[in-house]
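Survey of secondary and tertiary structure
Here is what each chain is made of, one letter per residue.
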Amino acid sequence: MDNNENNPVEVFAGTAWEVAFVQSLLANAEIQTFLKDEINGTMVPWVIAPGGAGSVKIIVSNLDYDKAKIIVDEYERNKNSDNNTR
């Protein structure tokens, strides 16, 4: 695959609430996204993913993946550290 070729890549999967938040973080970094399984992942998440976890997915261009992954990883670190302080 040519690295300059534009291909869709999943960068995050979560609940509809989590995905909306992460999508806004990516938009602030000027990364275009689209959602996969947004409706079914919200209405019947257990059909899309086992136990309903990670049923809605954020897709970005492979050209933006590295930049998007940094943002997603930072979100995950902050979410996990916030859960540990409670």
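Before reading on, note that the structure itself is shown above.
Cut-off values and rules
Residues numbered from 1 in each chain as written. Predicted model: local features only at pLDDT ≥ 70, side-chain atom pairs only at ≥ 80, totals over all residues. Heavy atoms only, no water. Phe/Tyr/Trp six-rings, centres within 6.5 Å; stacked < 30°, edge-to-face > 60°. Helix = DSSP H or I, 4+ residues; strand = E, 2+ residues; numbered from the N terminus. Buried < 20%, exposed > 50% of the residue type's maximum accessible area, 1.4 Å probe, protein only. Expected span 1.5 Å × (residues − 1). Arc of directions from axis to C-beta.

1. What to know about the packing of aromatic side chains
- Overall, the coordinates contain 2 aromatic pairs when judged by the stated rule.
- For the pair F12 and Y75, a centre-to-centre distance of 5.8 Å together with 85° between the ring planes defines the contact as edge-to-face. Here F12, found in strand β1 (residues 8–14), pairs with Y75, found in helix α4 (residues 65–84); they are 63 residues apart in sequence, far enough to count as distant. With respect to burial, F12 and Y75 carry one shared label: buried.
- Considering the side-chain rings of F21 and Y75, the 5.7 Å spacing of their centres and the 45° angle between planes classify their relative orientation as tilted.

2. Some points on helix α1 (residues 16–28)
- For α1, which comprises 13 residues, the first-to-last C-alpha distance of 18 Å matches the rise-based estimate of 18 Å (1.5 Å per residue) to within 8%.
- Taken together, the buried positions of α1 are occupied by V19, V22 and L26. Seen along its axis, α1 keeps its buried residues to an arc of 70°; they face one direction. Facing away from the buried side of α1, by more than 90 degrees, are the exposed residues W17 and N28.
- One or two positions beyond α1, positive phi appears at E30, with a value near 60°.

Function cannot be inferred from these measures alone, as they are strictly geometric.
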